[in-house]
Amino acid sequence: MFVDSHCHLNYKGLVEDQAGVLERARAAGVDAMLNISTRASEWDEVIGAAERETDVWASVGIHPHDADTHENVETETLVERAKHPRVVAIGESGLDFYYDRSDRDRQRASFRSHIAAARETGLPIIVHTREAEEDTHAILAEEMGKGPFTGVIHCFTASADFAQKALGLGLYISISGIVTFKNAKDLQETARAIPGERLLIETDSPFLAPVPHRGKPCEPAFVADTARFLAALRGDTLEALAATTSANFYALFHKAAQ
């Protein structure tokens, strides 16, 4: 019924009971999960989970926080690892100017390398952006001019203007449990306006547990709570929103549909 388009099954808070996490997700109606990597040392473990579980898929990428420590991870490396049959996406990558844990120029270079890998493989790029809307859009637009690629702005928290720019580039937008927070009024307005054919849902677990699970480690099962809130927000039935977002997932992450 649901797809969690972005989770970290190998992170602390989930990995200690991964079998239980998966069991609870399936019981909640989650049919598929995309397990995201953020550094090269995770790739084997992330892919391994996807090899073991038929409803788990994998990505390969370097988070902008880790760009400084992965200067040797270039497009060719990503393309090679993305040949694995269970790898359906590139990323997550992008720009994070909120924490600035890596040099900004290095983040930009890494982001471009990931986009090039997405273009070469035909797989979508999973984009992380925080306090970097202008630079993120500029890079996406410039790179799109070099040749088309697909992707998603994950865990969307940016402005309505940035949402429109991302949609204008043909990208998808993924909504996390943040949309259920009381102080997320701007995000709720943006989420209400996203075209149904470009909408995804995610948990970003073990982070950002939605209401009514605040304060707990987030799990893929909780994507159902985000979906329920989002359906009410948009005036949809839960069944319709689940069907739409699941269809969108397989349209974007087309390798998972093969």
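The structure we're discussing is the one just above.
Residues numbered from 1 in each chain as written. Predicted model: local features only at pLDDT ≥ 70, side-chain atom pairs only at ≥ 80, totals over all residues. Heavy atoms only, no water.

1. Things to note about the overall build of the protein
Note the cut-off: For the purposes of this entry, the term helix denotes a DSSP run of H or I that reaches at least four residues, the term strand denotes a run of E that reaches at least two, and both are numbered from the N terminus. C-alpha atoms define the radius of gyration, and 2.2 Å times the number of residues to the power 0.38 defines the globule rule. Note on exposure labels: buried denotes an accessible area under 20% of the residue type's maximum, exposed denotes more than 50%, and partly exposed covers the range between, all computed with a 1.4 Å probe on protein chains only. Whether two residues touch is decided by their heavy atoms; if any such pair falls within 4.5 Å, the residues are in contact. Exposure was quantified through the Shrake-Rupley algorithm and a 1.4 Å probe, taking into account, for residues, occlusion by the shown protein chains and nothing else. In this count, Lys and Arg are taken as positive residues and Asp and Glu as negative ones, while His and the chain termini are left out. Throughout, a charge is located at the NZ atom of Lys, the CZ atom of Arg, the CG atom of Asp or the CD atom of Glu.
Within the protein one finds nine helices and eight strands. What you see for the protein is a C-alpha radius of gyration of 17 Å, in line with the 18 Å of a compact globule of 258 residues. For the protein, the C-alpha atoms occupy an extent of roughly 45 × 40 × 35 Å along the three principal directions. Looking at the 258 residues of the protein, the share that counts as buried comes to 59%. Contacts in the protein between residues far apart in sequence, at least 24 positions, make up 73% of those at least 6 positions apart. Only carbon and sulfur atoms are counted for the fraction: they give 50% of the accessible area of the protein, which is about 10500 Å². Placing the 26 positive and 39 negative side-chain charges of the protein at their respective mean positions leaves the two points 3 Å apart.

2. Here's the deal with the packing of helix α7 (residues 185-193) against helix α8 (residues 223-234)
Geometrically, a packed helix pair is captured by the angle between its two axes and the distance between the axes. In plain terms, the rule: Every axis in this analysis is a line fitted to C-alpha atoms, fitted for helices over the stretch in contact. Angles between the N-to-C directions lie between 0 and 180 degrees. An angle below 35 degrees is treated as roughly parallel, one above 145 as roughly antiparallel, one from 65 to 115 as roughly perpendicular, and anything else as oblique. The nonpolar class holds Ala, Val, Leu, Ile, Met, Phe, Trp, Tyr, Cys and Pro. Asp, Glu, Lys and Arg form the charged class, and all remaining residues, Gly among them, are polar.
Two numbers describe how α7 lies on α8: the axes approach to 9 Å, and their chain directions differ by 75°. With respect to their mutual orientation, α7 and α8 come out roughly perpendicular. Across the interface between the two elements, Q188, A191, R192 and A193 from α7 touch F229, L230, L233 and R234 from α8. Of the residues contributing to the contact of α7 with α8, the split by class is five nonpolar, one polar and two charged.

3. Concerning the packing of aromatic side chains
Spelled out, the test is: Only the six-membered ring of Trp is used, alongside the rings of Phe and Tyr, when aromatic pairs are assigned; centres must lie within 6.5 Å, and planes under 30 degrees apart are stacked while those over 60 apart are edge-to-face, with the rest tilted. Working rule: Lys NZ or Arg CZ, within 6 Å of ring centre, within 35 degrees of ring normal, means a charge sits over the ring.
Counted according to the given criterion, the structure contains five aromatic pairs. For the ring pair Y98 and Y99, a centre distance of 4.8 Å and an interplane angle of 90° mean the geometry is edge-to-face. Note on Y98: relative accessible area 46%, which makes it partly exposed. Aromatic side chains F249 and Y250 sit 5.1 Å apart centroid to centroid with 90° between the ring planes, which places their arrangement in the edge-to-face category. Over the ring of F181 we find R214, and its NZ or CZ is 3.9 Å from the ring centre.

4. A short note on the state of the cysteines
For the record, the criterion: Here, a disulfide means two cysteine sulfur atoms that sit within 2.5 Å of each other.
One pass over the full model with this rule turns up zero disulfides. For C7, which is in no disulfide, the shortest distance to another cysteine sulfur is to C218 and amounts to 9.3 Å.

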